[in-house]
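Single-letter residue listing:
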Amino acid sequence: MSTAAEVRWVVALTASAVTERVERSRPSPPSDRGLVWLLLAISVGAVAVASVLGVALSEWAMSRTGDVLPAAGGAVAVGAAFLGLMFLVFASKGRGSGTEND
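These remarks concern the structure in this document.

What counts and what doesn't
Residues numbered from 1 in each chain as written. Predicted model: local features only at pLDDT ≥ 70, side-chain atom pairs only at ≥ 80, totals over all residues. Heavy atoms only, no water. Helix = DSSP H or I, 4+ residues; strand = E, 2+ residues; numbered from the N terminus. Buried < 20%, exposed > 50% of the residue type's maximum accessible area, 1.4 Å probe, protein only. Areas by Shrake-Rupley, 256 points an atom, 1.4 Å probe, with all protein chains shown as cover. Expected span 1.5 Å × (residues − 1). Contact = heavy atoms within 4.5 Å. Patch = residues over 30% accessible without salt bridge, like charges linked within 9 Å, V, L, I, M, F, W, Y side chains within 5 Å. Salt bridge = Lys/Arg side-chain N within 4 Å of Asp/Glu carboxyl O. Axes fitted to C-alpha atoms, helices over the stretch in contact; angles between N-to-C directions. Parallel < 35°, antiparallel > 145°, perpendicular 65-115°, else oblique. Left-handed = near helix turned anticlockwise from the far one by under 90°. Nonpolar A, V, L, I, M, F, W, Y, C, P; charged D, E, K, R; others polar.

### Some thoughts on the overall build of the protein chain
Counting its regular elements, the protein chain contains three helices and zero strands. For the protein chain, the succession of helices and strands along the chain, N to C, is α-α-α. Within the protein chain, buried positions represent 8% of all 102 residues. Looking at the protein chain as shown, the accessible area adds up to about 8400 Å², and 69% of this sits on carbon and sulfur atoms.

Structural data, given as structure tokens:
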């Protein structure tokens, strides 16, 4: 067997093993209880970040130093909260077709 044939054989074996593992490890959609706990955790985290961000932005507005770090941090925090909430909205996509008349 040549080296090229061995490399192709190893690549084929690796590809088949990876696809099999991915299929086996595909998670099922979380239960409603799990989604509620996740929503609660995201909400508590969002309130905590909003509180810290409000204090930081109020001090930034009073100092007028021109530092944009608190505003940039706020944009990142809001984006992270939206990503978490979007996950919650679209997490149950696989449960049904989305219409009631089916």
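### With respect to the environment of Gly74
Looking at where Gly74 falls in the secondary structure, it is placed in helix H3 (residues 69-90). Spatially, the C-alpha atoms of Gly74 and Leu57 are 8.5 Å apart, while their sequence positions differ by 17 residues.

### Some thoughts on the environment of Ala41
In this fold, Ala41 is placed in helix H2 (residues 32-63). Taking the relative accessible area as the measure of exposure, Ala41 reaches 48% and is therefore partly exposed. Residues Ala41 and Gly84, spaced 43 residues apart in sequence, show a C-alpha to C-alpha distance of 9.9 Å.

### Details of H2
A rise of 1.5 Å per residue sets the reference length of H2, with its 32 residues, at 46 Å; its end C-alpha atoms lie 46 Å apart and thus fit the reference within 8%. Leu35, Ile42 and Leu53 are the residues of H2 that are buried. Turning to H2, the residues buried within the fold contact H3.

### What about a nonpolar patch on the surface?
Together, Leu39, Val78, Phe82 and Leu85 make up a nonpolar patch on the protein surface, roughly 350 Å² of accessible area in all. Residue contributions to the nonpolar patch peak at three residues, all from H3. Along the chain, the position of Val78 falls in helix H3. Taking relative accessible area as the criterion, Val78 reaches 42% and is therefore assigned partly exposed.

### Side note on the packing of H2 against H3
Taken N-terminus to C-terminus, the directions of H2 and H3 make an angle of 165 degrees; their axes are 10 Å apart at the nearest point. Considering their axes alone, H2 and H3 lie roughly antiparallel with respect to each other. Taken as a pair, H2 and H3 cross one another with a handedness that is left-handed. Mapping the contact onto sequence places Leu35, Leu38, Leu39, Ile42, Val49, Leu53, Ala56, Leu57 and Trp60 in H2 and Pro70, Ala71, Gly73, Gly74, Ala77, Gly84, Leu85, Phe87 and Leu88 in H3. Taken together, the residues that form the contact of H2 with H3 break down as 15 nonpolar, three polar and no charged.

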